[in-house]
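Chain by chain, the residues:
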Amino acid sequence: YATDHSKYITEPIFKERLVIAMHKEMRGAKELSHLALTHEEILMGQYSKEQEIEDLSVFNNIEFIKYSNKSDTARRMTRMLGDCEIKNARHSEMHYNLMCAGIGAVITTDSAIRQKQYNAENILFFLPKNEESHRMIYIARQHSTDDNPIVKNFIQTAKAYSSLQ
């Protein structure tokens, strides 16, 4: 998103990766399981570049749960996967829960996966080799908050928390 820099200051907080996740019993998942990373590989960030999937057409027969068209994730999903089979839902937590129930695959993030460790043994994770799958998360604040100790503390805490991820 473009930010009016005359009103706001943006500070990078952390980088994250978009990850395709699906229940291992979902239609089409078994055929892709040889390309999947483990939950531990995602948590630790320990995987090789060869495990990233360049040809995303392997997901053409997979039904995805799509985010609201206004979300950054939805725009990136469309640019990465193009026209895929889609079911709509409105909230990322709902997406993840629907995926865990085998309703459809989702685009989620490595940072969200670190937060949601339940049901992980039943989930397949795939890393797209695509520039759209990398993004920086920012905090935007007004210039008038420059000397506000609460805002400064919040930003420091956010940066410290994200470095623990």
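The structure we're discussing is the one just above.
Presented here is an overview of the structure given in this document. Nothing here was measured: the structure is a model prediction, and the numbers come from that model.

Further remarks concern the pattern of salt bridges. Counted under the stated rule, the structure contains 7 salt bridges. The residue E11 makes a salt bridge to K159 at a minimum N-O spacing of 3.1 Å. Taken together, the residues span a long stretch of sequence, with E11 in strand β1 (residues 8-23) and K159 in helix α6 (residues 149-164) at a distance of 148 residues. Note that D146 is salt-bridged to R141, the shortest N-O span being 2.7 Å. Its relative accessible area of 33% is what places D146 among the partly exposed residues. Taken together, the salt bridges that share partners define one network made up of E11, R141, D146 and K159.

This next bit is on the environment of A158. Residue placement: A158 occurs in helix α6. Sequence separation between A158 and I13 is 145 residues, and the spatial gap between their C-alpha atoms is 6.9 Å. The contacts of A158, once residues within four sequence positions are left out, are I13 and I139.

In terms of strand pairing, β1 meets strand β6 (residues 134-142) through 9 bridges, oriented antiparallel. Directly across from F14, in β6, lies its bridge partner I137. Where β1 lies against strand β4 (residues 106-109), 4 bridges are found, and the strand directions are antiparallel. Within β4, the position partnered with V19 by the bridge is T108.

Following the sequence through the fold, R141 ends up in strand β6. Side-chain polar atoms of R141 contact the side chain of E11, separated by 3.1 Å. Those residues in contact with R141, other than ones at most four positions away along the chain, are K7, Y8, I9, E11, D146, V151 and I155.

To continue, consider the nonpolar core. Core analysis: the biggest nonpolar cluster contains 19 residues, and M22, F59, F64, L81 and I107 have the highest contact counts within it. At the level of elements, β1, α1 (29-32), α3 (72-81) and β5 (123-126) are the ones that each hand at least two residues to this core. With residues up to four places along the chain from it excluded, the contact list for M22 reads A29, L32, F59, I62, M99, A105, N122, I123, L124 and F126. Among the nonpolar cores identified, the runner-up in size contains 13 residues, and L37, I42, I65 and I113 belong to it.

To continue, consider the packing of aromatic side chains. Following the criterion strictly, the structure yields 2 aromatic pairs and no others. Residues F59 and F126 carry aromatic rings whose centres are separated by 5.3 Å and whose planes lie at 75° to one another, so their mutual orientation is edge-to-face. One end of the pair, F59, is in the loop between α2 (39-44) and β2 (63-66); the other, F126, is in strand β5, with 67 residues separating them in the sequence. Of the residues examined, F59 reaches a relative accessible area of 2% and is grouped as buried. On the basis of relative accessible area, F126 is assigned to the buried category, the value being 0%. One aromatic cluster in this structure is built from F59, F64 and F126.

In this section: the side chain of R135. Considering the arrangement of structural elements, one finds R135 in strand β6. Of the residues examined, R135 reaches a relative accessible area of 14% and is grouped as buried. A distance of 2.8 Å separates a polar atom in the side chain of R135 from a polar atom in the side chain of E16. Leaving out residues up to four positions away in the same chain, R135 has contacts with F14, K15, E16, L18, D72, T73, R76 and T109.

What counts and what doesn't
Residues numbered from 1 in each chain as written. Predicted model: local features only at pLDDT ≥ 70, side-chain atom pairs only at ≥ 80, totals over all residues. Heavy atoms only, no water. Salt bridge = Lys/Arg side-chain N within 4 Å of Asp/Glu carboxyl O. Helix = DSSP H or I, 4+ residues; strand = E, 2+ residues; numbered from the N terminus. Buried < 20%, exposed > 50% of the residue type's maximum accessible area, 1.4 Å probe, protein only. Contact = heavy atoms within 4.5 Å. Pairing = 2+ DSSP bridges. Polar contact = N/O pair within 3.5 Å; in protein donor to acceptor, adjacent residues only side chain to side chain. Core = buried A, V, L, I, M, F, W, Y, C linked by side-chain atoms within 4.5 Å. Phe/Tyr/Trp six-rings, centres within 6.5 Å; stacked < 30°, edge-to-face > 60°.

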